[in-house]
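Here is what each chain is made of, one letter per residue.
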Amino acid sequence: MSYPFRRVEGVNSLIHARGLVKRFGDFTAVDGIDVDVQAGEAFGFLGPNGAGKSSTMRMIGCVSPPTGGVLRILGMDPRRDGPRIRARLGVCPQLDNLDPELTVLENLTTYARFFGIPRKVARARAAELLDFVQLGERAGSKVEPLSGGMKRRLTIARALVNEPDLVLLDEPTTGLDPQARHLVWERLFRLKQQGVTLVLTTHYMDEAEQLCDRLVVMDGGRIVAEGSPRALIDTHSTREVVELRFATDDQGTYAGKLEGIGERIEVLPDRVLLYVSDGDGALAEVHRRSLSPAGSLVRRSSLEDVFLHLTGRTLVD
Amino acid sequence: MTPSAYVLEYHLVNYRRTWRSSVLSSLVLPLLTMLGFGIGVGAYVTGGVGGYSYLEWMVPGLIATTAMQTAIGESTWPVLSSFEWVKVYFAQAAAPLRIGDILGGHLAFMLFRVLLSIAAFLLVAFAFGTLRSAWAVAVPLIALLVGAAVAAPVAAYTASVTSDSYLAILIRFAVLPMSLFSGVFFPIESLPVVLRWVAYVLPLWHGVDLTRAATLGLDPGPGAVWQVLYLVFWCAAGWSLAYWRYQRRLVI
Amino acid sequence: MLTLALPRRLVSFEGMGRRSAAVAERNVAALKTAYWLVMLGGLLEPVLYLFSIGVGVGALIGEIPLPSGRVVSYAEFVAPAMLASSAMSGALSETTFNFFGKMKFMRLYEGMLATPVRPIEIALGELAWAMARGGIYSAAFLVIMVAMDLTTPARALVSFPATMLVGFAFGALGMTISTLIRGWQDFDMIGAGQFALFLFSGTFVPATAYPEVLRWVVEVTPLYRAVDLIRGISLGSVGVTQLVDVLYLLAMLAVCLVVAGRRMERLLCK
């Protein structure tokens, strides 16, 4: 599929938010965030459940009016120009809301009609998009028997039916098996290469590292960190992490004995993490102190370490 | 306790949550029909029917229709949901329950619902003074027979479809015509001969006729035995059909 | 100088018709065998009632006097009422059960609202669809009425737009109800209310047969107004009350459409 990338004239940021707020009654879902997304960028919102990612996405998608602050999408005001903005957005919601009464192909063609796309164009484009998401052979099938991964790909194809300037993806791979996730990533990466601006939310760190040029970490409705994946790791974590498992019920008894190795020590119920710049050197030091862990692992620091450091390890549901 | 009693128990526990809304469909609606037709339209039927007032004449028909409708209400959407949406049957099949237990327990619950709404209707009919004979005590038994004669085959039908559109089709094309042309509102003798035979073949008319004989104290004659046997035949055939369909759907 | 200070989204009609049509188009694409059969069933329902009650019970009743003193056959009396109530139930089934299913269960409208389509356009599109379906029902039933000599062809022609008005008004009402109810359990209530209207709206006996107080209650219900309008036309006795009926139904249509659009916006654009 060749995607006609259109430069959006006269607009610096496709999304421009200042002090954006969303409240539901007494509950503040989004608490004054500033965001700018440039054309051609892949931008991610990271955060635990309830961080305010989906509320932000719904405001950007012009289906949820902001409670306060400034929001400009494609240089327009969502409160006033909703239909005109939505005509140029592609939205892939968190839960697939495909039409169960229509076939795979009809899902795309009827959706195209909502944008006023002529029937003939809609049919041609739908066929092309089905090939792009590798569903060409299922065109005549009903939606219900499709696997989770197929439905997701169909929803992504549907989001592209109007050749949008900006594609919003809310947790695009949640609930998919590894093969399906990789296929979705690969397709999204291709879109990105073609210059499509992607905005996605996720709580998968590998997804953010794979796809995003730039991201923000949200927690409790606020932005707690911002930057490229690499920059975030450099700022909020060390280069490497050593994971140690001791044959005891209380890993904490070893904390004192590890004192002084690396920048930070974190004790978990099942293991101890050492945040260090040189993992192998640190492990040698552990052995030199004649501590013999039952298992040890030296790895590169990941976005997951940043995320857990910034938003904590407590379950949020 | 036999295993099907456990299944019945499950449905009864569930019913504690939903009984309020069922009062509406199984008691209020038949009552409204009785007021609207029996009293409203009945006032214009100046000659009565067969020597009885229109109200007295139609109430037994409504009782049999209510038994049928309650049975069908319980053997359509709830059965489909147990297969398709809530999938209760599959959870039950994963326990040491056999097909007969699952089907039998659910049918027992459907009959319990039939009995409940008929009992309520009978009390109201008594208050309106439309029960003319002590034979009315036989009405619950007739209602159970009618209920089983429709619930079992309809459960078999429901077990064979996957979309509730087909349930709407059953209601529109089978249940509604049967309610309107089985001698509930007017005597089937005034139907053209072909339609009269359709009414004879379907189960409802036999239920209406038996119930009417009971509440008005008419002599049902030897034909009544055949009518009862015919309804028993519907029950038996329906049970085996349903058993077969449940098995096809649950044992894969 | 006084300028229109209304927010633009309230006065923008640009593309409205096209987008509403696209919503109705989706329903055409979803037409499948089972749905056709359900629709055919809806067509059959008033016919069955007409034969059972109008003809079957009618044979026991014979003729019925109208409040005006004129005497008509019972089937002639019941037929227009069946027409009005089938226009009502056709519109309601599309805008309550089906509409609610699409909104809450299939979450179709969430997908639509991510496109330029607006809530009021969804409401209009669904209503137009319900009307297309209702129009077919009404036309077929009118043909049957003429064939059975229950009305004249000319009166049947005039009745048709009246049934469309009835359908529109009840369609808008159904949509409003759909945006107000909590869940599927409330459909039992809707069904019961609909059945009560069907029984007591001067459908099977004239409202004058009821006790005085009840009669006034009956006369303000929407189905009574619809029955009165269509019966007036089909029996050729149109008067001032039929004008009241038309105004009543138009007002109901307007109020319900506005409420439904607003409620949808609140439910879907949180």
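Rules of the game
- Residues numbered from 1 in each chain as written.
- Chains lettered and ligands numbered in written order.
- Predicted model: local features only at pLDDT ≥ 70, side-chain atom pairs only at ≥ 80, totals over all residues.
- Heavy atoms only, no water.
- UniProt positions renumbered as here; feature names shortened; annotations may be inferred.
- Helix = DSSP H or I, 4+ residues; strand = E, 2+ residues; numbered from the N terminus.
- Contact = heavy atoms within 4.5 Å.
- Buried area = accessible area lost by both parts, 1.4 Å probe.
- Salt bridge = Lys/Arg side-chain N within 4 Å of Asp/Glu carboxyl O.
- Polar contact = N/O pair within 3.5 Å; in protein donor to acceptor, adjacent residues only side chain to side chain.
- Domains from an automatic or database assignment.
- Buried < 20%, exposed > 50% of the residue type's maximum accessible area, 1.4 Å probe, protein only.
- Axes fitted to C-alpha atoms, helices over the stretch in contact; angles between N-to-C directions.
- Parallel < 35°, antiparallel > 145°, perpendicular 65-115°, else oblique.
- Left-handed = near helix turned anticlockwise from the far one by under 90°.
- Nonpolar A, V, L, I, M, F, W, Y, C, P; charged D, E, K, R; others polar.
- Phe/Tyr/Trp six-rings, centres within 6.5 Å; stacked < 30°, edge-to-face > 60°.
- Pairing = 2+ DSSP bridges.
- Core = buried A, V, L, I, M, F, W, Y, C linked by side-chain atoms within 4.5 Å.
- Lys, Arg positive; Asp, Glu negative; His and termini not counted.

Per an unreviewed UniProt entry, chain B goes by the name Transport permease protein and belongs to Actinoplanes sandaracinus. Under the UniProt heading Sequence similarities (unreviewed entry), the note attached to chain B is "Belongs to the ABC-2 integral membrane protein family."

A. Looking closely at the UniProt feature "domain: ABC transmembrane type-2" (unreviewed entry) in chain B. Per the UniProt record, "domain: ABC transmembrane type-2" (unreviewed entry) is found at residues 21-249 of chain B. Span residues 21-249 of chain B is 76% helix and 0% strand, its end C-alpha atoms 29 Å apart.

B. Main features of the interface of chain B and chain C. The interface is formed by 27 residues belonging to chain B together with 31 residues belonging to chain C. With both chains or domains summed, chain B and chain C bury close to 2,700 Å², and 82% of this area falls on carbon and sulfur atoms. Taken together, the connections running from chain B to chain C amount to one salt bridge. For glutamate 45 of chain C, the salt bridge identified is with arginine 172 of chain B, shortest N-O distance 2.8 Å. Joining chain B to chain C, the criterion identifies two residue pairs in polar contact (both at pLDDT 80 or more). Secondary-structure elements contributing two or more residues to the side of chain B that touches chain C are helix H1 (3-40) and helix H7 (165-180) of chain B.

C. Local environment of the domain arrangement of chain A. Segmenting chain A into domains produces domain 1 (13-226) and domain 2 (238-300). Between domain 1 of chain A and domain 2 of chain A, the C-alpha centre-to-centre distance is 41 Å.

D. Expanded view of unusual backbone geometry. Residues and elements named next belong to chain A. Phi at glutamate 171 is positive, roughly 50°, even though this residue is not glycine. Relative to the helices and strands, glutamate 171 is located in the loop between strand E6 (166-170) and helix H6 (178-193). Positive phi is not limited to glycine here, since serine 290 has a value of about 45°. Mapped onto the fold, serine 290 is located in the loop between helix H10 (279-288) and strand E13 (295-300). Serine 290 sits in the exposed class, given a relative accessible area of 64%.

E. Quick peek at the packing of helix H8 (residues 229-236) of chain A against helix H11 (residues 303-311) of chain A. All names here are of chain A. At a closest axis distance of 9 Å, the pairing of H8 and H11 adopts a crossing angle of 55°. In terms of axis orientation, H8 runs oblique to H11. Between H8 and H11 the crossing geometry is left-handed. Here Pro229, Leu232, Ile233 and His236 of H8 come into contact with H11, specifically with Leu303, Val306, His309 and Leu310. When the residues that make up the contact of H8 with H11 are grouped by side-chain class, the tally is six nonpolar, two polar and no charged.

F. Spotlight on the environment of valine 121 of chain A. Tracing the chain through its elements places valine 121 of chain A in helix H4 (residues 119-132). Overall, valine 121 of chain A belongs to the partly exposed group, its relative accessible area being 35%.

G. Examining the UniProt feature "transmembrane region" (unreviewed entry) in chain B more closely. All names here are of chain B. As annotated by UniProt and renumbered to match this structure, "transmembrane region" (unreviewed entry) occupies residues 23-45, 107-128, 134-157, 169-188 and 224-244. The distance separating the terminal C-alpha atoms of residues 134-157 is 37 Å; by composition the span is 79% helix and 0% strand. What you have in residues 224-244 is 100% helix and 0% strand, and the ends, taken at the C-alpha atoms, are 30 Å apart.

H. A look at the packing of aromatic side chains. Per the stated rule, a full pass over the model turns up 26 aromatic pairs over all chains. On the numbers, 6.2 Å between centres and 90° between planes, the contact of tyrosine 15 of chain B with phenylalanine 112 of chain B is edge-to-face. Residue tyrosine 15 of chain B is found in helix H1, and its partner phenylalanine 112 of chain B is found in helix H5 (residues 99-127); the two are separated by 97 residues along the sequence. Note on phenylalanine 112 of chain B: relative accessible area 31%, which makes it partly exposed. Taking the centre distance of 6.2 Å and the plane angle of 35° together, the rings of phenylalanine 195 of chain C and phenylalanine 198 of chain C count as tilted.

I. Representation of the arrangement of the chains in the model. There are two pairs of chains in contact here; the most contacts are made by chains A and C. A gap remains between chain A and chain B, which never touch, and the nearest two C-alpha atoms on either side lie 11 Å apart.

J. Fine view of the sheet that holds E13 of chain A. Residues and elements named next belong to chain A. Strand order in the open sheet formed by four strands is E11-E12-E10-E13, with antiparallel pairing between adjacent strands. Pairing within the sheet leaves two strands with one partner each, and these edge strands are strand E11 (264-267) and E13. Between one strand and the next, the sheet's axes are offset by a mean angle of 15°, whatever the strand orientation. Relative to strand E12 (residues 272-276), strand E10 (residues 240-245) runs antiparallel, the two sharing five bridges. Bridge pairing links glutamate 243 to leucine 273 in E12.

K. Spotlight on the nonpolar core. Ranked by size, the top nonpolar core spans 208 residues in total, and within it Leu154 and Leu303 of chain A, Phe185 and Tyr246 of chain B together with Tyr74, Phe170 and Phe204 of chain C carry the most contacts. With 16 residues, helix H4 (residues 74-105) of chain C is the single largest residue contributor to this core. In this structure phenylalanine 185 of chain B touches Thr33, Phe37, Tyr54, Trp57, Met58, Ser179 and Leu180 of chain B together with Ser52, Ile53, Val57 and Leu60 of chain C, once residues within four positions along its chain are discounted. Listed in part, the 27 residues of the second largest apolar core include Leu20, Phe45, Met57 and Val216 of chain A.

L. Seen up close, the interface of chain A and chain C. Taken together, the contact pairs 31 residues of chain A with 26 residues of chain C. Between chain A and chain C the total buried area reaches about 2,500 Å² when both faces are included, carbon and sulfur atoms providing 53% of it. Remark: the boundary between chain A and chain C carries four salt bridges. One salt bridge connects arginine 119 of chain A with glutamate 25 of chain C, and the closest N-O pair in it is separated by 3.2 Å. On inspection of chain A and its partner chain C, the count reaches 10 residue pairs in polar contact (both at pLDDT 80 or more). The biggest single contributor to the side of chain A that touches chain C is helix H2 (residues 78-86) of chain A, with six residues. Across the side of chain A that touches chain C, the residue classes tally to 13 nonpolar, four polar and 14 charged.

M. Summary view of the side chain of arginine 245 of chain B. Residues and elements named next belong to chain B. Along the polypeptide, arginine 245 turns up in helix H10 (residues 223-250). No salt bridge is formed by the buried arginine 245. Its closest oppositely charged neighbour is glutamate 84, at 11 Å. Each residue touching arginine 245, except ones within four places of it in the same chain, is listed here: Ala156, Ala159 and Ser160.

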